[in-house]
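# Close look at the chain arrangement
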Amino acid sequence: MKIEVEQVEQIARLAHLALTEEEKAVYASQLSAILDYFAKLDEVDTAHVAPMSHPLALEIPLRPDESHISYPRESILANAPDREGDLFRVPVVIEQE
Amino acid sequence: MELYQYTAHELRDLLTSRQVSALDVVDSVLARIDEVEDQVHAYITVASHPARDRAQQIDAQRAAGAGLPPLAGIPVAVKDNLCTAGLPTTCASRMLAERHVPIYDATVVARLQTAGAIILGKTNMDEFAMGSSTENSAFFPTRNPWHLDRVPGGTSGGSAAALAAGETILALGSDTGGSIRQPGSFCGVVGLKPTYGRVSRYGLVAYASSLDQVGPLARDVTDAALLLAVLSGHDPRDSTSVDAPVPDYSRSLRADVQGLRLGRPREYFGQAPGAARGAGLDPEVRAPVERAIEQLAGWGAEVVDVSLPHTEYAVAAFYLIAMAEASSNLARYDGLRYGYRAGDDGVALHELIARTRGQGFGAEVKRRIMLGTYALSAGYYDAYYDQAQRVRTLIKHDYDCAFELCDLLVSPVSPFPAFALGEKVADPLQMYLADVYTVTANLAGIPALSVPCGFSDAGLPVGLQLQGPLFSEELLLRVAYTFEQNTDHHRRRPPLGRRT
């Protein structure tokens, strides 16, 4: 599986990663080599095998629907890269007309 | 002998009989950190003042005659992907190096606090627990205390190195594909990955949620059992933690393997399974592991030849699943609410997020996020992710068949002893292939343990891996204990002193 730089750009876009030109070239070659190795799984006949998503057969538990006191607003905001009053400050999401 | 050299169970006896105080113990370990940390680099954060304060609290409780919990006054190092309230939790990533001081404790950390343990600090690791050498830390690589030019293994390399160097008494690690066992093996300490669900993952920063498990690292099996008992148990905050009784693991420690059937997986002893480039089992690992198996046979165990036929597909299946889960779990890092944020020169939100992630994550993390994204993307899902999950079923089935023929499996942990810093960083695939003996336990969810079983010619530790059926921790501990009681590998310490 040969991964071209254009494909790396497409994957990086899906993954929300801004890469440098140098990184794109390195990842194109490394991803190709690793995916070639992963293709080894094609050798295994799994037509009659069910996929396993989890090691334990767990039931999905339901918790009681009770209210709890949450963490103080100030302690949550203490790690904020940027804030305005009690809000997280972020760039404009929807441009105004 | 200095206090930092003792095991937790020895210190507990000294503390109970009032021969030493908790502050004596903490000060001894802090002095040792001061002595050797500039060579080992095991810690990202050392919490000296909180640790000393806590020791004084414990000593006050002792003086008041209060009944003491099981780890009262015992220093523990915590891997830096476990949330600690008020103490930075970085995952060894630029993404969380600043502005990530958690407001809550991981459940395992809260359990340590309740048990009277003293949190010494946060240990170095591969960024977001992705790697096999602790070289992927955004801060600095950790050195192997046995040979400072070698890696300590990874990803819990800081925890394993701190134990071997005498910079802590107990340590917590996390194991997604061998990250407790392999550094345990490389540094000559005991490391145990519990059954999936045995220990709560609440507050463990997620890498691959169906594979991650927190577990103990310790200088002997008795200490590992002591720590496992504190960590284990159901947690309503982790819906994948199992609501099953926690055995008294210390009671399983009896030196007796009479009649036990030890399975020797033949695929683990030949050409390294799945190796594309002819990397086999290093004779320097094979020799001590084979000798350990012979010794166990000599003490009454029966060695059975077993096969795990899908072993050669394990690395590919494991990495596809781990990367797919990682690409989803790490989507949360967007630089908006905590942690790193790229320079904001009026760019749009989506561009700020992409820049933040591009700059905040290291090379290996980005590699895995991209491969995971690719494996889950339209048109490739069936060929990669779905196929890997089907192979996972076959690997689980291999174990089920093997455990009909034997009680547990004995094998190497890693194909080779600790390698040189820089030796494998240029070739990520080579690094992945080294995990071939450890990743299958995570895929199947079963418990596995590494116990020191000898040394290479260059004096590097080698571990013996024991793997058992789901919830067979008592059996693994018992066999490891038997081995340890009859050998003295675990008593050797690296020759490490203050740099002159």
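Analysis parameters
Residues numbered from 1 in each chain as written. Chains lettered and ligands numbered in written order. Predicted model: local features only at pLDDT ≥ 70, side-chain atom pairs only at ≥ 80, totals over all residues. Heavy atoms only, no water. Helix = DSSP H or I, 4+ residues; strand = E, 2+ residues; numbered from the N terminus. Rg over C-alpha atoms; globule rule 2.2 N^0.38 Å. Buried < 20%, exposed > 50% of the residue type's maximum accessible area, 1.4 Å probe, protein only. Contact = heavy atoms within 4.5 Å. Areas by Shrake-Rupley, 256 points an atom, 1.4 Å probe, with all protein chains shown as cover. Lys, Arg positive; Asp, Glu negative; His and termini not counted. Charge placed at Lys NZ, Arg CZ, Asp CG, Glu CD. Pairing = 2+ DSSP bridges. Axes fitted to C-alpha atoms, helices over the stretch in contact; angles between N-to-C directions. Buried area = accessible area lost by both parts, 1.4 Å probe. Salt bridge = Lys/Arg side-chain N within 4 Å of Asp/Glu carboxyl O. Polar contact = N/O pair within 3.5 Å; in protein donor to acceptor, adjacent residues only side chain to side chain. Nonpolar A, V, L, I, M, F, W, Y, C, P; charged D, E, K, R; others polar. 1 Å grid on protein atoms, 1.4 Å probe; cavity = no way out; pocket = protein on both sides within 12 Å on 5 of 7 lines; lining within 4 Å. Points joined across faces, edges and corners; volume = space filled by probe spheres on them. Expected span 1.5 Å × (residues − 1). Phe/Tyr/Trp six-rings, centres within 6.5 Å; stacked < 30°, edge-to-face > 60°. Lys NZ or Arg CZ within 6 Å of the ring centre and 35° of its normal.

### Let's talk about the overall build of chain A
When helices and strands are counted, chain A shows 3 helices and 2 strands. Each helix and strand of chain A, placed in order from N terminus to C terminus, yields the pattern α-α-α-β-β. Taken over the C-alpha trace, chain A has a radius of gyration of 23 Å; the compact-globule value for 97 residues is 13 Å, which it surpasses by more than 25%. Viewed in the frame of its principal axes, chain A has a C-alpha envelope of about 55 × 45 × 30 Å. Going through the 97 residues of chain A one by one, you find that 30% of them count as buried. Here the contacts in chain A between residues at least 6 apart in sequence split such that 28% fall between residues at least 24 apart. When the accessible surface of chain A is summed, it comes to about 7000 Å², and 54% of that surface belongs to carbon and sulfur atoms. On chain A, the mean spot of the 8 positive side-chain charges and the mean spot of the 19 negative ones are 4 Å from each other.

### What about the sheet that holds strand E1 (residues 43-46) of chain B?
Residues and elements named next belong to chain B. Read from one edge to the other, the open sheet built from 11 strands follows the order E1-E3-E2-E4-E6-E5-E10-E11-E9-E7-E8, with strand pairing classed as mixed. Of all the strands in the sheet, the pair left with one neighbour each is E1 and strand E8 (302-306). The average undirected angle you get between the axes of adjacent strands in this sheet is 30 degrees. Strand direction decides the pairing type here: strand E4 (residues 170-174) and strand E6 (residues 214-218), joined by 5 bridges, are antiparallel. If you follow Ser174 over to E6, its bridge partner there is Val214.

### As for the interface of chain B and chain A
Taken together, the contact pairs 71 residues of chain B with 51 residues of chain A. A buried area of about 5200 Å², summed over both sides, lies between chain B and chain A, and 70% of it is on carbon and sulfur atoms. For the pair chain B and chain A, the interface holds 3 salt bridges. Measuring nitrogen to oxygen at the nearest pair gives 2.5 Å for the salt bridge that ties Glu23(A) to Lys366(B). On inspection of chain B and its partner chain A, the count reaches 19 residue pairs in polar contact (both at pLDDT 80 or more). At the level of secondary structure, the elements contributing two or more residues to the side of chain B that touches chain A comprise helix H9 (314-329), helix H10 (349-360), helix H11 (363-376), helix H12 (382-405), helix H13 (428-433) and helix H14 (439-444) of chain B. Considering every element that reaches the side of chain B that touches chain A, the biggest residue donor is H12(B), with 12 residues. Split into classes, the residues belonging to the side of chain B that touches chain A amount to 42 nonpolar, 16 polar and 13 charged.

### A short note on the pattern of salt bridges
The final tally for this structure, using the stated rule, is 31 salt bridges over all chains. A network of salt bridges, in which partner residues are shared, links Arg73(A), Glu74(A), Arg83(A) and Asp86(A).

### Observations concerning the pairing of strand E7 (residues 261-265) of chain B
A regular strand places its side chains on the two faces of the sheet in alternate fashion. All names here are of chain B. As defined by bridge partners, E7 adjoins E8 across 5 bridges and the pair is classed as parallel. Counterpart to Pro265 in the pairing with E8 is Val306. Relative to strand E9 (residues 408-412), E7 is paired through 2 bridges, and the arrangement is parallel. Following the sheet pairing, Gly263 is matched in E9 by Leu409.

### Some points on empty space enclosed by the protein
Residue and element names in this part refer to chain B. Within this structure, the stated rule accounts for 6 cavities of 30 Å³ or more. Approximately 110 Å³ is the volume found for the largest cavity. Taken together, 16 residues make up the lining of the largest cavity; nearest its centre are Gly131, Gly177, Ser179, Tyr319 and Asp435. Grouping the amino acids of the lining of the largest cavity by side-chain chemistry returns 4 nonpolar, 10 polar and 2 charged.

### Description of helix H8 (residues 283-298) of chain B
Residue and element names in this part refer to chain B. For H8, built from 16 residues, the straight-helix expectation of 22 Å at 1.5 Å per residue is met to within 8% by its first-to-last C-alpha distance of 22 Å. All buried positions along H8 are accounted for by Val285, Pro288, Val289, Glu290, Ala292, Ile293 and Leu296. Here H8 starts with a cap whose side-chain oxygen sits 2.8 Å from the backbone nitrogen of Glu284, and that cap is Asp282. Just past H8, the residue Gly300 takes up positive phi, approximately 115 degrees.

### Thoughts on the packing of aromatic side chains
Residue and element names in this part refer to chain B. If you walk through the whole model with that rule in mind, you get 19 aromatic pairs over all chains. Cluster of aromatic residues (ring-pair linked, three or more members): Phe128, Tyr333, Tyr338 and Phe361. The ring of Phe269 is capped by Arg264, whose NZ or CZ atom sits 4.0 Å from the centre of that ring. Positioned above the aromatic ring of Phe455 is the side chain of Arg492, whose terminal nitrogen or guanidinium carbon lies 3.7 Å from the ring centre.

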